[in-house]
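One-letter residues, chain by chain:
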Amino acid sequence: MSRFVAYLQNKFSDFTLKKKILSIVLFNSITIMICAGVGYRLYTQVYNNLLYDSIAGNLAMVSYQISQNMENVEYISSLILSSSAIQGPLSNPPENGDSFATAEYNRQINNALQEYSSLSLQNNIAYIALYNHQYTNCTNWAFLDKTPDFLLETAIKNGETRQGAVTWTYAFRNPYMLLSRNIRQIEKMSLKPLGNLVIGVDVEALVASSTSSISLYQNQSFIIADENDQIIYASDNLSDQEAKFFLAESPDSYKTVSHGGHDFFVVGGKLPHYQFKYITLISFDEIAHIRQFSFEMVTIIFAIGFALIFFFSSRLIHGIIQQFDALILKMERFTRNELVLSEEDNQYCSQENEIGALHRQFIQMAKQIQHLVQVNYVNEILTKDAQLEALKSQISPHFLYNTLQTINWRAKAAGDSTISQMVESLGTLLRASLSNRKPLVSLSYELELVDSYITIQRIRFENRLAYQVNMDPEAAEGIIPPLTIQPLVENAIHYGLEEMTEICHIYLQINVKDQVLIVQVKNEGSYFEDNLMEKLRQKQNASRGFGIGLLNIDQRIKLLFSDEYGLSLRNEDGFAVATITLPFQKEGAEDVKITDC
């Protein structure tokens, strides 16, 4: 591998300048296109996942609505079974042959059932039928007659078997699902069987009302089946064969399914609180077509972009190389003519770009060479050496540190402890500002910087500054971005202490809660504007000097960790409160994680 790399390096070194520039341009173009392609792929994948989750969540809500409606029907059945208007007549049925008593009995039962007609319409109930050993009462005989006899008989038998519990009876794609319950006498808790209640639920209306109130998609189809995969309901646009196919392909959550040359987005699961399976699907052809069209268009755009880059790069590079060739020719003439410049050597000097600057510099250099050769070559060299030494002796941060140390030493020698403290604190702050390049430092290190700054400010303001630190013992092991707390303390002093004549209290509170490190700087004498951080981000606030620093702290925390952390500002009980939140991590821990920014 190393030999191959060395071979490529040698070949590239032998390239002409034109080929080198063109190779670099093409390599960068291909790299950018590959990165753009990968980014587009990742973007579309994330977008598709979000789209799928959104569609699946919306479609799944239909099942919750259906389940809720079925529970409402069960609740209505409980109201009917416990109604005194039903229990009374059923407990005292008329004797055979008494037509007047029979008519009064039927009137009472029918009136009691009609009281639930409004609830029936709201919950897609087609009819409510009540059976005893002699009579049958119903709210809608036309719908009852449409129900197959075997389905009614099975429903009544299931109700008697369950002895009053709710039971659902259904048949293959029958328009009605039947809720049946055995009616028991409540009086004196005798639980004597009085009859059977059958409620016919219009499945088509149930599904239609659920989908119309929730779903946003047209041509939506729905399938309901029991735990044995027997189809109870399927939309009219699905044949029996298609319904069985999608039932066999039903996912636990969602997926795309191809059938009959079309793509469908299928969401499956179980109705909440029931053992019934549900499947809801919509046509996915349009979305799949848009995805394919987008991919083809991006590929075409990339190809056209690459061709244009190659064409224009070749033309532009040729123009640049032509001007370099002219400069080389000018140098050859200069050396060939014994350091004599000709009129044509001024070509390209008028251009206001780098090439023109090179040509002008060459003309200037050539004239200087002529002067050096003819007049004062040695003196000019010595002058350049002196200038170089002067540049090398420029001040450096280490020189500044040493100077501060010298001042500190002289202050101690003179017995002036105040100046010594200020110099030491200033040196600590300066070294931290210029030398620290770590993304995270220990909290104790950060607090040392704050203490150094407070030392200087206490000397300046004397007894007017009251500074207090309250920190959880657990928080002391945490890590934090450098120079995060000190600017907030500086901001508190600037806007609190400098604008009031009384004692200014500044509190630094550090806590750990739910693995989140919370740092609060509270000060008297100032307040934050409403939505100050947002105004600073939108550049709607003309900050008085510290706005950039506040934004810097917030942006650094968000870049290192995520947008859920950062800096927030508020006013509370006469205090201006700046709060930093970031994940609590210990120094040296193996699981310390930051965002690669």
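Residues numbered from 1 in each chain as written. Predicted model: local features only at pLDDT ≥ 70, side-chain atom pairs only at ≥ 80, totals over all residues. Heavy atoms only, no water.

Asks: Describe in detail the overall build of the protein chain, supporting the description with residues and values.
Replies: Looking only at helices and strands, the protein chain features 17 helices and 17 strands. Partitioning the intrachain contacts of the protein chain with sequence separation of at least 6 by distance along the chain shows that 62% fall at a separation of at least 24. On the protein chain, roughly 35,300 Å² of surface is accessible, and the fraction owed to carbon and sulfur atoms is 55%. (Helix = DSSP H or I, 4+ residues; strand = E, 2+ residues; numbered from the N terminus. Contact = heavy atoms within 4.5 Å. Areas by Shrake-Rupley, 256 points an atom, 1.4 Å probe, with all protein chains shown as cover.)

Asks: How would you summarise the packing of helix α3 (residues 84-91) against helix α4 (residues 99-114) if you had to cite specific residues and measurements?
Replies: Look at α3 against α4: their axes get within 9 Å of each other, and the N-to-C directions meet at 160°. Judged on the interaxial angle alone, α4 and α3 are roughly antiparallel. Crossing hand, α3 versus α4: left-handed. Side by side, α3 and α4 meet where Ala85, Ile86, Pro89 and Leu90 of the first sit next to Tyr105, Gln108, Ile109, Ala112 and Leu113 of the second. By residue class, the composition of the contact of α3 with α4 is eight nonpolar, one polar and no charged. (Axes fitted to C-alpha atoms, helices over the stretch in contact; angles between N-to-C directions. Parallel < 35°, antiparallel > 145°, perpendicular 65-115°, else oblique. Left-handed = near helix turned anticlockwise from the far one by under 90°. Nonpolar A, V, L, I, M, F, W, Y, C, P; charged D, E, K, R; others polar.)

Asks: Can you explain the pattern of salt bridges? Please cite residues and give values.
Replies: This structure, assessed with the given rule, holds nine salt bridges. We note a salt bridge from Arg173 to Asp240, for which the minimum N-O separation is 2.6 Å. Here the residue Arg173 occupies a position in the loop between β3 (167-169) and β4 (176-184), and Asp240 occupies one in helix α9 (residues 240-248), the gap between them amounting to 67 residues. The exposure class assigned to Arg173 is partly exposed, which follows from its relative accessible area of 24%. With a relative accessible area of 35%, Asp240 lands in the partly exposed category. It is possible to trace a salt-bridge network through shared partners that takes in Glu534, Arg537, Asp554 and Lys558. (Salt bridge = Lys/Arg side-chain N within 4 Å of Asp/Glu carboxyl O. Buried < 20%, exposed > 50% of the residue type's maximum accessible area, 1.4 Å probe, protein only.)

Asks: Can you lay out the packing of aromatic side chains for me, pointing to particular residues and giving the numbers?
Replies: As enumerated under the stated definition, the model contains 10 aromatic pairs in all. For the ring pair Tyr127 and Tyr176, a centre distance of 5.8 Å and an interplane angle of 75° mean the geometry is edge-to-face. Of this pair, Tyr127 sits in strand β1 (residues 125-131) while Tyr176 sits in strand β4; the two residues are 49 residues apart in sequence, bridging distant segments of the chain. We classify Tyr127 as buried; its relative accessible area is 0%. Judged by centre distance (5.2 Å) and plane angle (75°), the rings of Phe246 and Phe264 are edge-to-face. Of this pair, Phe246 sits in helix α9 while Phe264 is found in strand β9 (residues 262-270), placing the two residues 18 residues apart along the sequence. The buried category is assigned to Phe264, whose relative accessible area is 18%. Every member of this aromatic cluster is reached through a ring pair, and the members are Tyr127, Phe143 and Tyr176. Taking the ring centre of Phe575 as reference, the NZ or CZ of Lys522 above it sits at 5.5 Å. (Phe/Tyr/Trp six-rings, centres within 6.5 Å; stacked < 30°, edge-to-face > 60°. Lys NZ or Arg CZ within 6 Å of the ring centre and 35° of its normal.)

Asks: Which residues make up α4, and what values go with them?
Replies: A rise of 1.5 Å per residue sets the reference length of α4, with its 16 residues, at 22 Å; its end C-alpha atoms lie 22 Å apart and thus fit the reference within 8%. Along α4, the residues classified as buried are Thr102, Tyr105, Ile109, Ala112 and Leu113. The buried residues of α4 all sit within an arc of 100° when viewed along its axis, so they share a single face. Residues Ser99 and Phe100 are exposed on α4 and point more than 90 degrees away from its buried face. (Expected span 1.5 Å × (residues − 1). Arc of directions from axis to C-beta.)

Asks: I'd like a rundown of the sheet that holds strand β6 (residues 221-225), residues and numbers included.
Replies: One open sheet accounts for five strands, arranged β7-β6-β10-β9-β8; its pairing is antiparallel. Of all the strands in the sheet, the pair left with one neighbour each is β7 (231-234) and β8 (254-259). Averaged over all adjacent pairs, the angle separating strand axes in this sheet is 25°, with direction ignored. Where β8 and β9 come together, six bridges link them in antiparallel fashion. Within the sheet, the bridge partner assigned to Ser258 lies in β9 and is Asp263. (Pairing = 2+ DSSP bridges.)

Asks: Account for the pairing of β1, naming residues and giving values.
Replies: Across the seven residues of β1, seven count as buried, placing the element largely inside the fold. Bridge count for β1 against strand β5 (residues 193-202) is six bridges, and the pairing is antiparallel. Pairing of Ile128 across the sheet is with Ile199, part of β5. The pairing of β1 with strand β2 (residues 136-138) spans three bridges and is classified as antiparallel. Within β2, the residue paired with Ala129 across the bridge is Cys138.

Asks: I'd like a rundown of unusual backbone geometry, residues and numbers included.
Replies: Positive phi, normally seen in glycine, also occurs at Gln163, with a value near 55°. The backbone of Arg173 shows a phi angle near 50°, a positive value even though the residue is not glycine.

Asks: Can you tell me about the pairing of β9, naming the residues and giving the values?
Replies: Within a regular strand, the side chains alternate between the two sheet faces. Taking the residues that link successive antiparallel strands as the turn, the β8-β9 hairpin has two residues, and the phi of Gly260 there is positive, at about 65°. Bridging between β9 and strand β10 (residues 277-283) involves seven bridges; their strand directions are antiparallel. For Lys270, the partnering residue across the bridge sits in β10 and is Lys277. Counted between consecutive antiparallel strands, the loop separating β9 from β10 contains six residues, among which His273 sits at a positive phi close to 75°.

Asks: Can you break down the nonpolar core residue by residue, with the values?
Replies: Ile485 and Ile493 are the most contacted members of the largest nonpolar core, which has 47 residues in total. In terms of nonpolar packing, the next biggest core, distinct from the first, is built from 41 residues, Val62, Ile128, Val203 and Val267 among them. (Core = buried A, V, L, I, M, F, W, Y, C linked by side-chain atoms within 4.5 Å.)

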